[in-house]
Amino acid sequence: MISNNFSRFPYEECLISNLPEEIQHRVRDMANYVVRPLDMLLAVMSLVFNALICITVARTKSLQRPSLLMLCSLSVTDLIYSQFSLYVNIKTVLIEHLCLANMGLKDTITYTLCTGATLGTLAVISRDRYLAVTKPFWYRNHVTKSRAIKMSCIPWLISVVLILGHVFYVIYKFDSGFMSLVHGAAFLVYYCICFIIIIFSHLCIYFKKQPIDTIREIHVVMKREKKSAATIRWILLVLLLTFMPAFWSPVALTMKGVENFGAYRPYYFILYTVNGFLNPLLNFGRNKEMRRALRGLFRCFQHVQQQPVPPPPQQQKQPQPQAQGQSQQQQQQQ
């Protein structure tokens, strides 16, 4: 039996069409009572772990290298998305029928900012790793802390510009086909450029071989940069398994003629949260300096919280009268 999704009940907006009625309700219950609580738990853990990444790098000068500063920018995107995920899930739970059919403009802006900044930041990081591995001398002389911060700001600026274009498109309701094409093409071009930079950079790192003399001169630095590039490849693998399926899910649903994503949103939103949860674990797991700085940070907090209590002032004992009498007798005998 196929249920009718045009029923008067609000919760049926979050039912998957073209499925038997019993299966529709089971899928909805699984989304509300299994997927959504798990998403909220992972969002809280992602919030804590990414905040620790940012705090550790900000408080440790030895970690404020260009590569780790760019990874902090990636942690900021995961930090923002974890808060957005908590907000959307809590708002859905507070609704009477546990059904958030459509997101508002503010939610769409935050979602677009997180996805655009994540892909752009990974493109900047991949380009940075390519320069560090293939041009080590040039990288040491030209890529500084200030330059790394400026490069990390570029994806955020581009994402903000695209979001402003989206806001104007929605507010003024440009219904012409040309404006719709320009609006969609701007996002598509930006995402394609990010993908091309990521793929090209890591292919060049894999196939590029450095001269032996160059490696001998800066062997320690090259080893550290290659290890950092390997960490980025693990992050990209996680991106491929979690972020990309979630990113292309709305596109695939739109091509199938689905207009309401409320029934599907919990299942692909949790993939974004898993991506933000695994990225800081990879950063801590593959970087000894980061783990050492984090342990030192916790020790510092414990030292501040557990300050020794000063002992009370010692009270001078007054001599007892018997002891005073004995001392006077001894003096008279002498």
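Residues numbered from 1 in each chain as written. Predicted model: local features only at pLDDT ≥ 70, side-chain atom pairs only at ≥ 80, totals over all residues. Heavy atoms only, no water.

**Side note on the environment of S228**
Turning to step 1, where the next piece is worked out: Position of S228 relative to the elements: it lies in helix 8 (residues 219–255).
Turning to step 2, where the next piece is worked out: Here the alpha-carbon distance between S228 and R129, two residues 99 residues apart in the chain, equals 7.6 Å.
Turning to step 3, where the next piece is worked out: In this view, S228 contacts S67 and R129; residues no more than four positions away in its chain are not counted. (Helix = DSSP H or I, 4+ residues; strand = E, 2+ residues; numbered from the N terminus. Contact = heavy atoms within 4.5 Å.)

**Description of the nonpolar core**
Turning to step 1, where the next piece is worked out: Membership of the largest hydrophobic core comes to 49 residues, with the highest contact counts inside it found for L119 and Y272.
Turning to step 2, where the next piece is worked out: Every element with two or more residues in this core is listed here: helix 1 (21–59), helix 2 (66–94), helix 3 (105–134), helix 5 (145–172), helix 6 (177–207), helix 8, helix 9 (265–285) and helix 10 (288–305).
Turning to step 3, where the next piece is worked out: At 10 residues, helix 8 tops the list of elements feeding residues into this core.
Turning to step 4, where the next piece is worked out: Residue contacts for L119: discarding those within four places in its chain leaves Y191, C194, F195, I198, L239, F243 and F247.
Turning to step 5, where the next piece is worked out: Ranked by size, the runner-up nonpolar core spans 9 residues in total, among them Y130, Y139, C204 and A229. (Core = buried A, V, L, I, M, F, W, Y, C linked by side-chain atoms within 4.5 Å. Buried < 20%, exposed > 50% of the residue type's maximum accessible area, 1.4 Å probe, protein only.)

**Brief notes about helix 9**
An α-helix turns once every 3.6 residues. As a result, residues three or four positions apart point the same way.
Turning to step 1, where the next piece is worked out: For helix 9, built from 21 residues, the straight-helix expectation of 30 Å at 1.5 Å per residue is met to within 8% by its first-to-last C-alpha distance of 31 Å.
Turning to step 2, where the next piece is worked out: Of all the 21 residues making up helix 9, 15 are buried; the element is thus mostly covered by neighbouring parts of the structure. (Expected span 1.5 Å × (residues − 1).)

**What to know about the packing of helix 1 against helix 9**
Turning to step 1, where the next piece is worked out: Where helix 1 contacts helix 9, the axes come no closer than 8 Å and their chain directions differ by 25°. When the interaxial angle is binned, helix 1 and helix 9 end up roughly parallel. Of the two elements, helix 1 crosses helix 9, and the hand of that crossing is left-handed.
Turning to step 2, where the next piece is worked out: When grouped by side-chain class, the residues that make up the contact of helix 1 with helix 9 number 20 nonpolar, 5 polar and 2 charged. (Axes fitted to C-alpha atoms, helices over the stretch in contact; angles between N-to-C directions. Parallel < 35°, antiparallel > 145°, perpendicular 65-115°, else oblique. Left-handed = near helix turned anticlockwise from the far one by under 90°. Nonpolar A, V, L, I, M, F, W, Y, C, P; charged D, E, K, R; others polar.)

**Concerning a nonpolar patch on the surface**
Turning to step 1, where the next piece is worked out: The grouping of I199, L203, Y206 and F207 at the surface amounts to a nonpolar patch, some 510 Å² of accessible area in total.
Turning to step 2, where the next piece is worked out: Relative to the elements of secondary structure, L203 occurs in helix 6. (Patch = residues over 30% accessible without salt bridge, like charges linked within 9 Å, V, L, I, M, F, W, Y side chains within 5 Å. Areas by Shrake-Rupley, 256 points an atom, 1.4 Å probe, with all protein chains shown as cover. Salt bridge = Lys/Arg side-chain N within 4 Å of Asp/Glu carboxyl O.)

**A word on the confidence of the model for the chain**
Turning to step 1, where the next piece is worked out: Of the residues in the chain, 78% have a pLDDT of 70 or more, and the chain-wide mean is 80.
Turning to step 2, where the next piece is worked out: This stretch, residues 1–7, has a pLDDT under 50; its non-local contacts, to residues over four places away or in other chains, come to 16 contacts. (pLDDT = per-residue confidence, 0-100.)

**So, the pattern of salt bridges**
Turning to step 1, where the next piece is worked out: Following the criterion strictly, the structure yields 5 salt bridges and no others.
Turning to step 2, where the next piece is worked out: Among the ionic pairs, R26 bridges to E22, the shortest N-O distance being 2.6 Å. Separated by 4 residues within a single helix, R26 and E22 lie in helix 1, roughly one turn from each other.
Turning to step 3, where the next piece is worked out: Close ionic contact of R129 with D128 constitutes a salt bridge, the shortest N to O distance being 2.5 Å.
Turning to step 4, where the next piece is worked out: Judged by relative accessible area, R129 falls into the buried class, the value being 0%.
Turning to step 5, where the next piece is worked out: Take D128: its relative accessible area is 5%, and that puts it in the buried class.

**Quick look at the packing of aromatic side chains**
Turning to step 1, where the next piece is worked out: Under the definition given, this model contains 16 aromatic pairs.
Turning to step 2, where the next piece is worked out: Between Y111 and Y272, the aromatic rings sit 5.6 Å apart at their centres with planes inclined by 80°, giving edge-to-face as the arrangement. In this pair, Y111 sits in helix 3 while Y272 sits in helix 9, placing the two residues 161 residues apart along the sequence. Just as Y111 is buried, Y272 falls in that class too.
Turning to step 3, where the next piece is worked out: Ring geometry for Y268 and F269: centres 5.3 Å apart, planes at 80°, overall edge-to-face. Here Y268 and F269 have matching classes, each one buried.
Turning to step 4, where the next piece is worked out: One aromatic cluster is present, formed by Y81, F84, Y111, F187, Y190, Y191, F243, F247, W248, Y268, F269 and Y272 through successive ring pairs. (Phe/Tyr/Trp six-rings, centres within 6.5 Å; stacked < 30°, edge-to-face > 60°.)

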